Amino acid sequence: MSAKAKAKLTPEQRKATLTRVLHKIRPYSLFVVCSLIVAAVSVAAQLYIPILCGDAIDLMLGKGNVDFAGVGRIIVEVLVVAVVAAFAQWLLSVCNNRITFSVSRDLRNEALRKIQTLPLSYLDSHPSGDIVSRMVADVDTFADGLLMGFTQLFSGVLTILGTLLFMLSENVVITLVVVCITPLSLLVASFLAKRSYKYFQGQSSVRGEQTALVNEMIEGQKVVQAFGHEAESLDAFDEVNGRLQDVSLKAIFFSSMTNPATRFVNNIVYAGVGLVGALYAVRGGITIGQLSVFLNYANQYTKPFNEISGVVTELQNALACAARVFELLDADDQIPEAENAAVLQPDGHVQLEDVSFRYLPDRPLIEGLSLDVKPGQRIAIVGPTGCGKTTLINLLMRFYDVNGGAIKVSGTDIRSVTRASLRGSYGMVLQDTWLRAGTVRENIAYGKPDATLDEVVAAAKAAHADSFIRRLPDGYDTVIAEDGGNISQGQKQLLCIARVMLCLPPMLILDEATSSIDTRTEVRIQAAFARMMQGRTSFIVAHRLSTIREADVILVMKDGQEVKMSKRSGSYITLRDLVDWVGRDAARYFLVSRKADAEFVFDVNLAVSKSDENPVYYLQYAHARICSVFRQATEKGFKIPSTEEMLAMDLSQLNSEKEISLMNHLADYSATLSAASEALTPHTLCFYLRDLAASFHAFYNEEHVLVEDEAVRNSRLALLAAVRQVLGNGLALLGVSAPERM
């Protein structure tokens, strides 16, 4: 529903909204009854005080003719009644607050439960800021209006009825004067309320737009500034802010007119009572004390009309906000689970049978996709942006339901099993990380809340997150800000990987799972993934060939359709397909790593035609350059420290933070290479070594290493000695020579 449509609710919709509000109040009927009783006591006490004051006036007949004993007795009675009225007013506030904030709590709880059952399509098509505005700002405004309604509406109506009864018991004619003028106040209030409601509804809608825009700007502020889009963002905000100002001014204008208009009418009532009452008093029809009571009642009678007019305005605003909340609650739920839906017992066998899906009816996305995934197979899904890779993942998890065909797990259509058991069978690591506000431990144990600290630490170590976690101020008890704002993107992704490592479900979904991680850590994660995927069906969405090259099936998609499928046996991806879908550089390195793989029929010479683009050549070059530096050192008579001496060396001898950092990581390089050499593929090992060699590029210059300062020179030579040893071991694993000259 558009903002314009929201601003024009029909009387039937308004009545339906009010009916639903009353239905929400029904569980608290006891407090409503108590509120009415206490309000009646409070009003009766307040109305009885003017009678006592009138009696006191009648006891003061003139100078020297005052019944002080009677006046004193009346003063005591007034004090007692005032205390009763104050206590009743306090109880009234307690009851009304309990009703209001209980209903608000119920509305928010219901809205949050609704979000859990909404289809992903609703959340994708509605700004998150607008949904937050409905749950927070609109419910707050509704609560304010409801509280004012209970606090002032009950008391106001009872005050009007009570004063009429008291006045009728004293003088019918004066009471009729009051009653005859009253409809004028009601007409004025009704006229203004109808117009203010429309503008309050529009105000609520535009405020939701503004909240959504502010939320979008805050979340994307880095992108806004990076592209110099500040002026356009301000213009967009000014436009929404201008509309909010316009509709708010109109709403406030009509609502502010209500009180002075009704006050004017009420003054007419007061004047009429004073005039008619004075005539009766002159003729002896009433006493001066009774006249004062009538004037006091006329004021108390008209005062609720001022309050009620304000209450009506607030209630209009509250109903407008309630309508927006109810609109969220009335949104269609996701397709309910089948009757007697079974709990899935997965064995890893996944079948896609002629699957078709489209977000919009007139825009096909996935058409006729079929795939048979055997237990334990790794399926890599590649293709250009927007081809349907992530959509396929959403269908596997049943975030969306297919429009045609079927997806089966263990031979069972996923629409006939519970969503909880289906989604619990998958472990997901997405490119877009999500962390809750809480400790590191709570985030890792999100899928297994009862996990012990030892299990959490083991998962973090498997994800290579333990080292950075222990460097945090409170380790695993460090509180992470909302969405991980106080840690880096790569660290957030490592925590998401650790979350899956802890649960280890039978099937895995990796959607660019290492996109924000540096190359060296990626190598370690790949080794951990390799162990984790053993015996588990895995779906891997990626653009980086380093992530998917060991897949059993590479599914290449275009416009939601399978265009090529590469398998260990069967059809092959052509070189042109590979270059088109994953990029020339990625394809080149993929081919280099597959140089001796007879299962793929490629023109390898195309990939290695330029020596400077051959990663193996670069490694050999780095090894030869290091050897050249050592030859120069020997020729100049410098002593070359051993690796053991380097490890025991004082870090203060290094004169830059970069050198200290490189030295600290060298042991990690060597340990990882030794521990994971069997698990690393030649391709992954090659890139791992390239990262190491590139880190020490500055050291291949003799002028940088062979300086006069002996301590600095020895430390740099020691670093080079360790690098040469690691590179030599790596080249031996790759089956190529480690040359000393090029």
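The model shown is predicted, which means the values in this text are computed figures rather than measured ones. (Residues numbered from 1 in each chain as written. Predicted model: local features only at pLDDT ≥ 70, side-chain atom pairs only at ≥ 80, totals over all residues. Heavy atoms only, no water.)

**Digging into the overall build of the chain**
Part 1 of the argument: Secondary structure summary: the chain contains 27 helices and 14 strands in total.
Part 2 of the argument: In the chain, buried positions account for 47% of the 742 residues.
Part 3 of the argument: Counting only contacts in the chain whose residues sit at least 6 apart along the sequence, the fraction spanning at least 24 positions is 77%.
Part 4 of the argument: Accessible surface for the chain amounts to roughly 36100 Å². Of this, 57% is attributable to carbon and sulfur atoms. (Helix = DSSP H or I, 4+ residues; strand = E, 2+ residues; numbered from the N terminus. Buried < 20%, exposed > 50% of the residue type's maximum accessible area, 1.4 Å probe, protein only. Contact = heavy atoms within 4.5 Å. Areas by Shrake-Rupley, 256 points an atom, 1.4 Å probe, with all protein chains shown as cover.)

**Re the environment of Ala622**
Part 1 of the argument: Note that Ala622 resides in helix α22 (residues 615-635).
Part 2 of the argument: The class of Ala622 is buried, set by a relative accessible area of 0%.

**Structural notes on helix α14 (residues 453-462)**
Note that an α-helix has 3.6 residues per turn; residues three or four places apart therefore point the same way.
Part 1 of the argument: Residues of α14 that are buried: Val456, Val457, Ala459 and Ala460. One face of α14 carries all of its buried residues, which in axial projection span an arc of 160°.
Part 2 of the argument: Taken together, the buried residues of α14 touch α13 (440-444), α15 (466-470) and α16 (489-503). (Arc of directions from axis to C-beta.)

**Side note on unusual backbone geometry**
Part 1 of the argument: Backbone geometry at Asp354 places phi at a positive 50°, although glycine is not the residue there.
Part 2 of the argument: Locating Asp354 in the fold gives a position in strand β3 (residues 350-357).
Part 3 of the argument: The class for Asp354 is partly exposed, based on a relative accessible area of 48%.
Part 4 of the argument: A positive phi is found at His464, a non-glycine position, where the angle reads about 60°.
Part 5 of the argument: Checked against the element boundaries, His464 lands in the loop between α14 and α15.

**A short note on the confidence of the model for the chain**
Part 1 of the argument: Across the chain, the average pLDDT comes to 75, with 77% of residues at or above 70.
Part 2 of the argument: Confidence drops under pLDDT 50 across residues 1-7; counting only partners more than four residues distant or on other chains, this segment forms 13 contacts.
Part 3 of the argument: Every residue in residues 566-613 is under pLDDT 50, and counting partners more than four places away or in other chains gives 68 contacts. (pLDDT = per-residue confidence, 0-100.)

**With respect to the packing of helix α3 (residues 29-58) against helix α6 (residues 128-170)**
Part 1 of the argument: Where α3 contacts α6, the axes come no closer than 9 Å and their chain directions differ by 45°. The orientation of α3 with respect to α6, classified from their angle, is oblique. Regarding α3 and α6, the two cross each other, and that crossing is right-handed. Residue-level inspection shows Val32, Ser35, Leu36, Ala39, Ala40, Val43, Leu47 and Ile51 of α3 in contact with α6, the latter providing Phe150, Phe154, Ser155, Leu158, Thr159, Gly162, Thr163 and Phe166. (Axes fitted to C-alpha atoms, helices over the stretch in contact; angles between N-to-C directions. Parallel < 35°, antiparallel > 145°, perpendicular 65-115°, else oblique. Left-handed = near helix turned anticlockwise from the far one by under 90°.)

**Structural notes on the packing of aromatic side chains**
Part 1 of the argument: Evaluation of the coordinates by the stated rule reveals four aromatic pairs.
Part 2 of the argument: Note on Tyr359 and Tyr400: the rings are 5.2 Å apart at their centroids and 85° apart in plane angle, and the pair reads as edge-to-face. Remark: Tyr400 occurs in the loop between α11 (389-396) and β6 (404-409) and Tyr359 occurs in the loop between β3 and β4 (366-373); sequence separation between them is 41 residues.
Part 3 of the argument: Taking relative accessible area as the criterion, Tyr359 reaches 41% and is therefore assigned partly exposed. (Phe/Tyr/Trp six-rings, centres within 6.5 Å; stacked < 30°, edge-to-face > 60°.)

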